[in-house]
Amino acid sequence: MCSAGVRQLTVLAELFKAALDRYRPESVAVLGVAGGNGLEQVDCAVTKRIVAVDINHQYLDEVQRRFSTLSGLELQCLDLAEREVSLAPVALVHAALIFEHVGFGVALENALSLVAPGGKFSVVLQLPSEEEQGVASTKHKSMLTLKENFVLIDIGEFQRLLEQKGFQVIEQETRPLPAGKALWLGVFAKAGDACASASEHDRS
Ligand SMILES: C[S@@+](CC[C@H](N)C(=O)[O-])C[C@H]1O[C@@H](n2cnc3c(N)ncnc32)[C@H](O)[C@@H]1O
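The rules behind these values
- Residues numbered from 1 in each chain as written.
- Predicted model: local features only at pLDDT ≥ 70, side-chain atom pairs only at ≥ 80, totals over all residues.
- Heavy atoms only, no water.
- Near = heavy atom within 4 Å.
- Polar contact = N/O pair within 3.5 Å; in protein donor to acceptor, adjacent residues only side chain to side chain.
- Areas by Shrake-Rupley, 256 points an atom, 1.4 Å probe, with all protein chains shown as cover.
- 1 Å grid on protein atoms, 1.4 Å probe; cavity = no way out; pocket = protein on both sides within 12 Å on 5 of 7 lines; lining within 4 Å.
- Sits in = over half its atoms within 2 Å of the grid points.
- Helix = DSSP H or I, 4+ residues; strand = E, 2+ residues; numbered from the N terminus.
- Nonpolar A, V, L, I, M, F, W, Y, C, P; charged D, E, K, R; others polar.
- Points joined across faces, edges and corners; volume = space filled by probe spheres on them.

**Q** What should I look at first to understand the site of the ligand in this one?
**A** Surveying the vicinity of the ligand reveals 18 residues, the closest of which are Gly-32, Asp-54, Asp-79, Leu-80 and Ala-96. Measuring from a nitrogen atom of the ligand, one finds a side-chain N or O atom of Asp-79 at 2.6 Å. Between Leu-80 and the ligand, the recorded distance is 2.9 Å, taken from a backbone N or O atom to a nitrogen atom. Burial of the ligand by the surrounding chains reaches 84%, relative to a free accessible area of 610 Å². Judged by the proximity of its atoms to the pocket grid, the ligand belongs to the largest pocket. Elements represented by at least two residues in the shell around the ligand include exactly helix H1 (3–23) and helix H3 (99–102). Looking at side-chain class alone, the shell around the ligand contains 12 nonpolar, 4 polar and 2 charged residues.

Okay, here's the thing in structure tokens:
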């Protein structure tokens, strides 16, 4: 893998760790888990159930091979964009670079349905490079197709959509990548829970 690819994987793992450290979830679902990047950071003493979801069973085989000793690991091979997912909700749903592949629609409904009461939804989206932003502003308003099955998502629109569905952003950060790109992490909570999180944050 090229150094830019390695750097991206490193930043993705760091953002996952940031969400784990901040919220210390007792259960987590990783949507679009691919080869399991970042799973080595899960502290099983804190997080007892880890649901790894992907459409590609070969990726899940790889996760099983790499993380067979991770207690509480549950592999789910399913298409998030196709059908209603019926899994027990978790305290943290982590979705990194998945909505660029699956779009919103059913996949977003599935993701939100997995968030347990009081739970968090952490999303990583790729920001365009300046060159891509130029293309986006002339050709498209909110989404930019970079390659087959990968469409950049406008963060403002994503947040507005989540607000309509009753989720507010409670934390966000942006990490730079090579070639002027960047990854954005947004953590969402249900509107009522978001106020509670804010007061907890103020007190600490
Ligand atoms: C860019 S990778 C995700 C990277 C990974 N989350 C990380 O942090 O390193 C996108 C993943 O989404 C999976 N995927 C794509 N479409 C999907 C779908 N409809 N349902 C479930 N998983 C899907 C792909 O198989 C791939 O593993």
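**Q** Can you walk me through the layout of surface pockets in this structure?
**A** To find the voids left in a structure, one rolls a probe of water-molecule size over its atoms. There is about 1100 Å³ of room inside the largest pocket. Broken down by secondary-structure element, the contributors of at least two residues to the lining of the largest pocket are H1, strand S1 (27–31), strand S2 (49–54), strand S4 (90–96), H3 and strand S6 (143–147). Element by element, the count of residues in the lining of the largest pocket is highest for H1, at 7 residues. Partitioning the lining of the largest pocket into residue classes produces 25 nonpolar, 8 polar and 4 charged.

**Q** Honestly, the environment of Asp-43 in this entry has me stumped. Any pointers?
**A** With respect to the helices and strands, Asp-43 occurs in the loop between S1 and S2. When the C-alpha atoms of Asp-43 and Leu-70 are compared, they prove to be 9.2 Å apart, with 27 residues separating the residues in sequence. In this structure the side chain of Asp-43 is engaged in a polar contact, spanning 2.9 Å, whose partner is the backbone nitrogen of Ala-45.

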